[in-house]
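Each chain is listed here by its residues.
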Amino acid sequence: MSLCRTRLQEERKQWRKDHPFGFYAKPVKAADGSLDLTQWTAGIPGRSNTLWQGATYPVTIYFPEEYPSKPPRVKFPAGFYHPNIYPSGTVCLSILNESQDWRPAITLKQIVIGIQELLDSPNPNSPAQEPAWKAYSKDKAAYEKKVREQAKKYANAM
Amino acid sequence: MEMSEGRSLASVINHVERLYSSRNPTEVNSLQIELQSLQKSEYGLELANVLMGQSSANCRFFGALTYGVAINIRRDNFSSGDVISLVNNIEGHIFRLISSEGLEGNMVVIRKLFSDLSLLFIFHSNTYPDPLKIFYDNLGVSDDAGSKEAWITLILIFASILVEDVSKQENTTTIHKVIYDNVFLKVNNIVTGLVDLNVPPKIHLLTLDCINSWVYYISVAEANSEVRYDCPKNIVNYLFDSLTLSGISDSSNESLELVNKTLLVFTEISDMNPRMLDRESKLRLHSSLLEPGHFGEEFMSKVVFSDLRLEYDDEVGNFVNLIIVFLQNDLLNLTKQILEQSSTYKIKVLLSLTNISGIPMIDETLSDQFLTFWEDFINTFIDDEESFRIVFESEPNKFSKFVNRRNEVVSEICGIYWNKIHLPPFDELEPVKVEFLQYRSGVADLFIAAYSLISLPLYERLTSKLIYDTYTLEENKNMSLDIESTLYLIYKITEDYTFYDPDNSPFGLYVGKIFESGILNSFGNLSTSDNTLKYFYFTFNNFLASVTFYLKGEHGKEFLGSILRLLIPMILGGSTSLALNVSKTMLKICQECSQNLIPFTADIEALLVETLKNPGVDALIRQRLFSSYTSIIQYLKNPVEIGKILFHMINEIYNSAAKVMSANTSNNEELEDYLISLISCVCQIARACEIPEEIDEFYTPEEQEVVDSYWKEDPSNVKDIILRIIRLFSIDFPPFVHNATSTEKCCNILKSGVREDINGPFKFPIEIIFDYLVSKVEVSDTGSIPPIYSLVETVIVTNYNKIEREVLQNLIDKVFTQNLEALKSDPYAIKSAVELFAVILERKPSLILGLPVFQSSILKFSLEGLSANENFIIKPVSRFWVAIISLKKGSEYDHTLIRDLFTTRGGGQQLCSNLVKSFILSARSNLDYYYPIFRNLLGKYPLESKTWFLQAFHDLHHEKLNEHLTSIIVNKIMITRGQRSAHDILKKIWLQLNGLIEFNSKNF
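On a predicted model such as this, the values are computed, not experimentally measured, just so you know.

Enquirer: Would you explain the domain arrangement of chain B in this entry?
Expert: Many authors give the size of an interface as the accessible area that is lost as the parts come together. Residue and element names in this part refer to chain B. The domain boundaries assigned to chain B delineate domain 1 (637-764), domain 2 (766-896) and domain 3 (906-1004). For domain 2 and domain 3, the distance between their C-alpha centres works out to 28 Å. Contacts between the two partners involve 14 residues from domain 2, matched on the other side by 14 residues from domain 3. Contact with domain 3 buries area across many residues of domain 2, yet Leu863, Leu866 and Ile885 alone supply 45% of it, more than any other trio. The interface formed by domain 2 and domain 3 includes 0 salt bridges. At the junction of domain 2 and domain 3, the tally comes to 5 residue pairs in polar contact (both at pLDDT 80 or more). It is helix α47 (residues 871-886) that provides the largest number of residues to the side of domain 2 that touches domain 3, a total of 8 residues. In terms of residue class, the side of domain 2 that touches domain 3 is built from 7 nonpolar, 6 polar and 1 charged.

Enquirer: Even after reading the chapter, I still don't get the sheet that holds strand β3 (residues 56-62) of chain A, so can you show me in this structure?
Expert: The pairing of strands in a sheet comes from backbone hydrogen bonds and takes either a parallel or an antiparallel form. Residues and elements named next belong to chain A. Strand order in the open sheet made by the 4 strands is β1-β2-β3-β4, with antiparallel pairing throughout. Every other strand in the sheet has two partners, leaving β1 (24-29) and β4 (73-75) as the edge strands with one partner each. Each adjacent strand pair in this sheet contributes to an overall mean axis angle of 30°, direction not counted. Inspection of the sheet shows β3 paired to β4 by 3 bridges, in the antiparallel sense. Considered in β4, the bridge of Thr60 is made with Lys75. Across the sheet, helix α2 (residues 108-120) lies against β1, β2 (35-45), β3 and β4, angled at about 35° from β2, the strand it touches most.

Enquirer: Please clarify how the pairing of β2 of chain A should be interpreted in this entry.
Expert: Regular strands show a simple pattern: their side chains alternate between the two faces of the sheet. Residue and element names in this part refer to chain A. For β1 and β2, the ladder comprises 6 bridges, and the chain directions are antiparallel. Bridge pairing in β2 links Ala25 to Ala42. In the sheet, β2 pairs with β3 via 7 bridges, with the strands oriented antiparallel. Counterpart to Gly43 in the pairing with β3 is Pro58.

Enquirer: Just to check I follow, could you spell out the interface of chain B and chain A for this structure?
Expert: Taken together, the contacts link 37 residues of chain B with 26 residues of chain A. With both chains or domains summed, chain B and chain A bury close to 2600 Å², and 51% of this area falls on carbon and sulfur atoms. On the surface where chain B and chain A come into contact, there are 5 salt bridges. Lys145 of chain A is the partner of Glu669 of chain B in a salt bridge, and the nearest nitrogen-oxygen pair spans 3.8 Å. The interface formed by chain B and chain A includes 7 residue pairs in polar contact (both at pLDDT 80 or more). Looking at the side of chain B that touches chain A, its residues break down into 12 nonpolar, 9 polar and 16 charged.

Cut-offs and rules
Residues numbered from 1 in each chain as written. Chains lettered and ligands numbered in written order. Predicted model: local features only at pLDDT ≥ 70, side-chain atom pairs only at ≥ 80, totals over all residues. Heavy atoms only, no water. Domains from an automatic or database assignment. Contact = heavy atoms within 4.5 Å. Buried area = accessible area lost by both parts, 1.4 Å probe. Salt bridge = Lys/Arg side-chain N within 4 Å of Asp/Glu carboxyl O. Polar contact = N/O pair within 3.5 Å; in protein donor to acceptor, adjacent residues only side chain to side chain. Helix = DSSP H or I, 4+ residues; strand = E, 2+ residues; numbered from the N terminus. Nonpolar A, V, L, I, M, F, W, Y, C, P; charged D, E, K, R; others polar. Pairing = 2+ DSSP bridges. Axes fitted to C-alpha atoms, helices over the stretch in contact; angles between N-to-C directions.

This is the structure in structure tokens:
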């Protein structure tokens, strides 16, 4: 079994055993019905008392063959409004960047918590999209309004 | 006594006392600095010794701390004699403390002194290899040693602290052997001896704490050395002896502290280091916990299933936790043995514990503890299915019995949790809502796993119960909570399955039965404003969203009308959160079942009118409804009918907006939100009008022809009303002229049809789009530039072959040249402009290369962009220059033009000089954006670029560069010939000229 697969099985086991409150993460099923461990669908809940609360934001996590030597790629739906999310939805975060802070020991749990943290604490040094970045740096009120509108779109089912 | 530099002992004592009493942070900080310098000085040990002799507790504590600091600093300078003398000195203090004031009052200081001894052991285990023995021996000869009980207490505490401190250290490979050979033996002997001694419970509690420290330590020692403890029999036996309920009767309220601690230690062992239990001990623990007539059975009858449960909540939780952790270590065996007689009792016990009475998260948490266990239990059957087949390969009958028993157990588990997730009364639920809903989500995951094993019979069981309960709903409204929990599980399983395989759902038959049972009528009679039904409606709504696969089919479509009639009042009369949730479901149903919803457009129209006129309706709901409605009417496919409806719809929006605008000439936030929501609705309509799939799959060739010619003429004037509303929102209404959001929406409306293959309601001729843009730019500020440029970009990307140069020139004059100075003041406008030019150069360079404005302004503008600080500008600037150098889509004429510009008119030199200068001055994180320009220049102009680069580096007038060095640098760059290796060379040059070093490099 490849290192990537072994590690992903362990991640799945650990996730089932202990995952942060309000999050979900599961591998998608391949065409033949088996689980494709290299692609996961997950939900990141907005932290309480922030603009992002009350919603769970969907992401897809793609693990490359070289994982855990290389980091996974995490994508929100295209057009997701956040200064550090590219228009394609890809997350720009140092722990997901091989040449920055990625380390093979970083777990799925740490990744999703890192993304949850990023939602309400954008990194001013890594703008990834213009609309959110511009509003965040120049017009906070407009930014907050947009984030709240987005939260309604992904509002929790209950 | 003089300490140093004139500080007297009295002043040090005074400092220590102030340190622990002052509330002034500045004073504390300065005291800390001063005292720390004393602790670290050559007088550190002396100071510690003196302070330990004081009567003040503060001084003694600081003295004990000072020993630790001094030992850490001077540890390499100690001789063997120093170590022994220090050990005696510290132990002497411990004995004196016990003798003068007893154990209790000085425990904090004694613990710190034990840590100091541990430090000496860690650094000098050769000289001081057996701290426990030395302590014990000295204790024996000391006059101050206190009672026997105090002796045992001290040794147990020391034995704990010693291994806890060693566990915190790194690189301790060799010390583990010393501990095993010396210290462990003593601990083992003490624990063994205690069995026969009549010591009070507090000593036993201390012993269990000590064992707990050793359990963790042993896992550290075994991971970092070759030492193996295997199963320390005496210690394990001591634990078994402690697992007794001998002091407790049914009505007793005596503490279960000893049992509780023993359970925790066994859990720690099972979790951290199960190897500490050999086979025999594991069997013994198994019997104790899970066989009749042993501790577990007694504990359950006397505590878990008695009135004492609430009182001993922690103990019960720890008992269950131990069972779970213990069994999880060997789940495969547990699952393999389900047919065996011995498993029947065990599974019964586990199920009884799971099924403990009470509402989860309110009255009990055991079922929550068991959730992950059961999910793992079920997943073992799924993941190891092949192993089970092999086990029963020669006994097919037994395998079938095995599968039946497996399904029986899994069904029982499901049955328990099915009951558990019934919503409690509203008032009880609210305080624990988040936890309870999370619990339910865990139960849903369990059911999803169980479905993988039991498959459709599980689904059938749920749907049959739902139908049965629905029949009784009219007589008994309380049934709604039973129905809700079943509906919740059906929705979760359905959603999960359809998420993975939306087109092949096996649930159609069962979902059909649910609808046929009259569920919609029964639910329609319930009130949406009843608080207790709040969750019921959410679940019902989510269920509907999960069964669109059925509703879009032949059988399902007959229920669509009733569903809409149920959902619409929820949007109008429910809470905002319910209305939002319902609007999402409605959108999904309308998008997926659009064809079948055509007969119901009148119902939705009425809803649209209501939401349009009522500014209080949430903007997202309004937009979703317009999108829903448009998704349906698109399937009319008849452009005449669609045209009429679209005109009517957009005209209504126009009138509503115009009415509000004429009554309010100034802006306020509420008004702005409402108006933006209206133009967003047009955006949603435009998006929903996009042909949803391949055009040939949506329209026949004949239909395509009819649609195309209809929209070319547009007899229903839809395009006219669209342009009017766009004008109204972005040009005519003064408060919105500089509203970037409104402009963005208007541009998006025009953008939506640009890519369509045939004419449609939102596809406009390029000239009309450009005319609008010219008018818009005349009244815009720079904030509106990005969406305007983005629209131009989309038009060019899709229509570059149809655009005339003159038309583009006119547009660029208006949107770029005439606004040049304003553009330069806004980095986002610069970015948008450069991006647009890069796109044109990549698609059809001749469109702009020949324009006068290209050489007069665009090139200069993009040259200046090279030195921008913002990476979002440098990125498109790089794209622009790469496009102009490579000219991939350029004609021969374009190539000649640019080559001439670069080689004979100084353009190449100018670019190189700006590039080199900007690159050297740029931030490290932006370097990657410049590399492609260098590489393309080197590749395209290999001969000329050497001269350009030499001149460019020379023009830097950099203090670290001379002619010779410049020549070396340029040669290195040239050798790369524009290959990838250029990145490393350029990076090194950047580092060198900026006097910096490479991260992760050892060359510094």
